[in-house]
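Residue-level listing of the chains:
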Amino acid sequence: MPKGNRVSLLPGTLEMLVLQSLLFGSRHGHGIATTIQRTSDELLLVDHGSLYPALQRLERAGLIASTWGISDNNRRARFYKLTRAGRKKLVAETGKWEQLVRAVKGVLQARPEEEQA
Amino acid sequence: MKWFGRADRDYREELDAHLEMEIRENLDRGMSPHEARQAALRTFGNALAVRQQLAEARPLHFWQTLSQDVRYGARVLKRSPGLTATIVFTLALAIGANAAIFSLVEAVLLRMLPVREPQSLVIVRALSRQGARDSFSHTDYEWLRDHNRAFSAMSASTVWKMSLDAGDHKERVTAELVSGNYFTLLGVEPAAGRMITVDDDHQGRLIAVLSHAFWQRSFAGRDDALGRNLRLDGSSLTIVGVAPSGFEGEFAGNPPDFWIPLGAQPALSGGGRSTLHTRNVSWLDVMARLRPGVTAAQAQAGMQPLLESLRADLRVDSQNDYLGAITIEPGGGGLSSLRDYYAQPLRLLMALVAVVLLIACANVANLLVAQSAARRREFAVRLAIGAGRARVVRQLLTESFLLMAMACVAGLALADGIVRMLLAVSVVQGLEVHLNLSVLAFTVAISSAAAVTFGLAPALQCNRIDPWPTLKDGITGAGTGARFSPSRLLVVTQTALSLVLVIASGLLLRTLLNLKAIDPGFDEQVLEANLDTSLISGNGVALGTALLERLSTVPGVERASFSQFGFGQGASRICCISLDGYVPYPNEDKNVRIQTVSAEYFRSLNIPLIAGRPFADADSNGAPRVAIINETMARYYFRGADPLGKRFAWSHAAPKDIEIIGVVKDAKYDNLRQDSPRLVYLPALQQGFFSLGPNFVQIRAKTHGERQVATLFQDVRAAIRAVNPGIRIVSLEPLSAAVNRTLAPERLVSWLSLGFGIVAILLTSVGLYGILAYNVVRKTKEFGIRMALGAGRPTIVRMVMTEAVLLVGLGLMLGLAAAVSFGNLAAKLLFGVQPRDTMTFASATLILVLVAIAAGYIPTRRATRVEPATALRNG
């Protein structure tokens, strides 16, 4: 496990990652955290202390909805799912993020010759 | 930190769930429980610290944790619906059967009279010198009442069937003649008016206290019933009071319509013989209340000396006394013939059904133990999270109680059904049997006992869990399987108990079959009518002759005859017969029974005449007195000598003027178990024929098919009505029905025990199957290795079956031992079969062996089909 290489999330990205993790079905908090960790090849570490406040914010904004359900190991757990608004928001945010990444990447990969041209 | 929108508790639970999942994962990664917990806590940082502060500040309340346990338990049960259904069904069956049998026991054996302190009431019973139940004479009752030291009060009573003249119609009613202290002894207060007093008894006042039911029925509960008159058997009685509702006298299942003072007896007999103040007629049942501090045993000890001083005081020759002994029985439940018949069968059934409950509990415990083995990991996680062991045990008990509650509800519904069914096949007639509070309490008690018992088994198992190795062990969580694990012991116990049940039902069924196979000595196809002629007046001889003549003209009827008593309906008994050339030895039982019959009786019942002649029309009033005796009587008194022509008298004082003119073959009389008594048949024409008492008419007919039988019944009824519409037909049925009725207790016991036996076998096979299947799963890897190493199927079969054989064999041995002691317990109920009947024991054992083989077949087959490669990869 590449524990030592873990990186912290950029501020403001946690919400987007949560929405993304819910794209393919509802999950409970622990599931969301593990999904993010797994899909990032264990690079992104979700601080559980900030996960739940984030979930609260998203729910209040109407982007996700939650219900009590039963986990795989017969435990009562709160399951979150994407709302229609959340889905739209995710598309929008993903677009913005990709723009940003492209822009940042462009900046970081810029060569001096081109700059001059 | 502030959370919006949601309750704090909700949030805590969400975090808890998360924490638990995290710990579980950490454990899976191979951390120790402590590490797992610390690592999980670390990922939360501050949020958890807050949560913990909250948690510590407000520890969970008992009810909160209880509701948590219940919700969690419900989810566990919902997750394995098959197991839950099996357990609930098994327990419901056992609880239902127990509750149903207990309802019968409660109604027949335990129900107390609604009187003051029923526990201190006793029945004082007179026994004849042969040990048969008898009644007391009035003189003896009064003497005992005045001279005993054990009782604070003694009352006497007797039941009379009377005819009530209601103006436009006559009605059969039941009256109870009671001594003046009867109601004060019982502590029963009037609902209206007053009760009978000692003065009423002494004065012989013609008064009556109505039963509440009769008051409602005949007077619609109106107060103006008091002071009105009842016309009873020609006397006029004044109504002075009404008994409270619920009080139905002390004869359980035979409630009187009213009570009359004992002193009114001479007047009610129409100026006939007074049976008061004489020792010659025994007619009273006696109840008493024990003095405070005196036990029934102490009272009993004083009875024999009391009887001796009575004889001395009244100058009775003990050799010729009707009284042989006086016994004391608990009287709180009243007097009940039903209790006499059913006490033993019901106690036996109670024992059998308790065994069924044990087997069911063993089965459920077994299932739960197996399940808890599968759940060890879950428990380990809970322990690692920090749950106390007590909490985990409590969780398990909660689950048991949830199961129990469901089984209890289902069981009660089932019990209701079983009771209805038992009543529908009329095993216990004339008795109110219902599921009441005490039955409910009983059911809840056995359920709780069962819940604790089987809930504890997995709990104890769980208590031994060491979280660390269990978690490392992997999913199967298989222990090393101690030689005598609880589930093995349970299977042994189950097998033993089932064997006892199967043997019991075998013995009882054979008893029933033996009884059914008995030749009663008469033709059971003959119809018998019980006729009540007490409401009509007139000449019994004329009525009887006319009726038999009319009946023999009914199409299909071959013969019609009369007898005073029907099968199993009692008989008059007479003591001290004296015969030509017979010298009784001291203390001899000189009782014979007397049956009055018409000339055609033997031919219509097909009772063969062995010697002499049958009765003829010439044997009428005025002609020489004649009698026919049965074989038993001939053998007893004449020992091979020819009884024909011999004479006898009913007492040694009277001239011997009754001549024996014939001997008939023995026929069963009271029931099928008892040998025929010494029986004297007298000709109806010399005995007044139809009497106020019971009258039975036998009709021998030739019929073909149902239609004809139905028509015959109609025709017979019409013929009887045509002779005199006042004749009440109490019953009309083939004799086989009367014979069958005497077998009701045996039938109840044998069919129910058969049912219990089948249930026991089913449960045991499920239990055995469960443990074998579980073992096969547990040993899959081992089988795989062995097969990979070249072990053939026989080896594997042997491995699986050795266990089955050991368990079942041990169970069968224990069961045989237990069955021997059971047989001794039930010996009195058996007939024609020894309590240790080899055939029954052997076949029951064989049945269980076959069941064991069947139960072992599937798991064994599964074991031999193990694919070595798969087993090794998955194991």
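Conventions we followed
- Residues numbered from 1 in each chain as written.
- Chains lettered and ligands numbered in written order.
- Predicted model: local features only at pLDDT ≥ 70, side-chain atom pairs only at ≥ 80, totals over all residues.
- Helix = DSSP H or I, 4+ residues; strand = E, 2+ residues; numbered from the N terminus.
- Buried ≥ 20, exposed ≤ 12 C-beta atoms within 10 Å, placed from the backbone.
- Contact = placed C-beta atoms within 7 Å.
- Axes fitted to C-alpha atoms, helices over the stretch in contact; angles between N-to-C directions.
- Left-handed = near helix turned anticlockwise from the far one by under 90°.
- Nonpolar A, V, L, I, M, F, W, Y, C, P; charged D, E, K, R; others polar.
- Core = buried A, V, L, I, M, F, W, Y, C linked by C-beta atoms within 7 Å.
- Domains from an automatic or database assignment.
- Pairing = 2+ DSSP bridges.
- Expected span 1.5 Å × (residues − 1).
- Arc of directions from axis to C-beta.

(A) Here's a closer look at the overall build of chain B. Secondary structure assignment for chain B yields 27 helices and 24 strands. In chain B, buried positions account for 40% of the 875 residues. Expressed as a percentage of contacts within chain B between residues at least 6 apart in sequence, the contacts between residues at least 24 apart total 83%.

(B) Main features of unusual backbone geometry. All names here are of chain B. Positive phi outside glycine occurs at Ala-220, with the angle close to 50°. Phi at Asn-606 is positive, roughly 65°, even though this residue is not glycine. Summarising the element assignment, Asn-606 is placed in the loop between α19 (601–605) and β18 (609–612). Take Asn-606: there are 16 C-beta atoms within 10 Å of it, and that puts it in the partly exposed class.

(C) Quick look at the packing of helix α18 (residues 540–551) of chain B against helix α21 (residues 705–723) of chain B. Residues and elements named next belong to chain B. Remark: α18 packs on α21, axes separated minimally by 9 Å, with the N-to-C direction vectors making an angle of 145°. Here α18 runs over α21; the crossing is right-handed. For the pair α18 and α21, the contacting residues are Ala-546, Leu-547, Arg-550 and Leu-551 in the first and Val-716, Ala-719, Ile-720, Ala-722 and Val-723 in the second.

(D) The interface of chain B and chain A, seen in detail. Contacts between chain B and chain A engage 19 residues on the former and 17 residues on the latter. Contributions of two or more residues to the side of chain B that touches chain A are made by α1 (8–28), α3 (46–57) and α4 (62–79) of chain B. When residues in the side of chain B that touches chain A are grouped by element, the largest group, eight residues, is from α1 of chain B. Taken together, the residues of the side of chain B that touches chain A sort by class into seven nonpolar, five polar and seven charged.

(E) Spatial organisation of helix α1 (residues 14–21) of chain A. Of the residues making up α1 of chain A, those classed as buried are Leu-14, Leu-17, Val-18, Leu-19 and Ser-21 of chain A. At its buried positions, α1 of chain A is contacted by β1 (27–28), α2 (29–39), α3 (48–60), β3 (76–82) and α4 (84–109) of chain A.

(F) Main features of the nonpolar core. Residues and elements named next belong to chain B. Of all hydrophobic cores here, the largest spans 92 residues; its most connected members are Leu-91, Val-356, Ala-360, Val-500 and Ala-760. If you tally residues by element for this core, the top one is helix α12 (residues 337–374), at 18 residues. Per-domain counts for this core show at least three residues from each of domain 2 (64–111 + 337–479) and domain 4 (482–514 + 740–875). With residues up to four places along the chain from it excluded, the contact list for Ala-360 reads Thr-90, Leu-91, Leu-93, Ala-94 and Leu-763.

(G) Layout of the pairing of strand β19 (residues 626–630) of chain B. Residues and elements named next belong to chain B. Most of β19 is tucked away, with five of its five residues classed as buried. Of the two faces of β19, the one holding Val-626, Ile-628 and Asn-630 and the one holding Ala-627 and Ile-629 are both buried throughout. Alignment of β19 against strand β21 (residues 658–664), held across five bridges, turns out to be parallel. Residue pairing across strands places Ile-629 opposite Val-663, the latter belonging to β21. Of the strand pairs in this sheet, β19 and strand β22 (residues 679–683) are connected by two bridges, and their pairing is antiparallel. From the neighbouring strand, Ile-629 faces β22, where its bridge partner is Val-680.

(H) Seen up close, the sheet that holds β3 of chain A. Spatially, β1-β3-β2 (chain A) is the arrangement adopted by the three strands of the open sheet, whose pairing is antiparallel. This sheet does not close on itself; its edge strands, each paired only once, are β1 and β2 (64–70) of chain A.

(I) Quick peek at the pairing of strand β4 (residues 151–165) of chain B. All names here are of chain B. Relative to strand β11 (residues 282–290), β4 runs antiparallel, the two being bridged by six bridges. Bridged to Ala-156 within β11 is Val-286. Two successive antiparallel strands, β4 and strand β5 (residues 170–178), enclose a turn made up of four residues, where Gly-167 displays a positive phi of approximately 90°.

(J) Just α21 of chain B, in detail. All names here are of chain B. An ideal rise of 1.5 Å per residue puts 27 Å on 19 residues; α21 measures up with 27 Å between its terminal C-alpha atoms. By the burial criterion, the buried members of α21 are Leu-712, Val-716 and Ile-720. One side of α21 carries all its buried residues, which in axial view fall inside an arc of 60°. Away from its buried face, by an angle of more than 90 degrees, α21 presents the exposed residues Arg-707, Ala-710, Gln-714, Ala-718, Arg-721 and Ala-722.

(K) Seen up close, the environment of Ile-658 of chain B. All names here are of chain B. Tracing the backbone shows Ile-658 in strand β21. A tally of 21 C-beta atoms within 10 Å means that Ile-658 is categorised as buried. Taking the C-alpha atoms as reference points, Ile-658 and Leu-682, 24 residues apart in sequence, are found 9.6 Å from one another. Contacts of Ile-658, omitting those with residues within four sequence positions, involve Arg-625, Val-626, Ala-627, Arg-647, Phe-648 and Ala-649.

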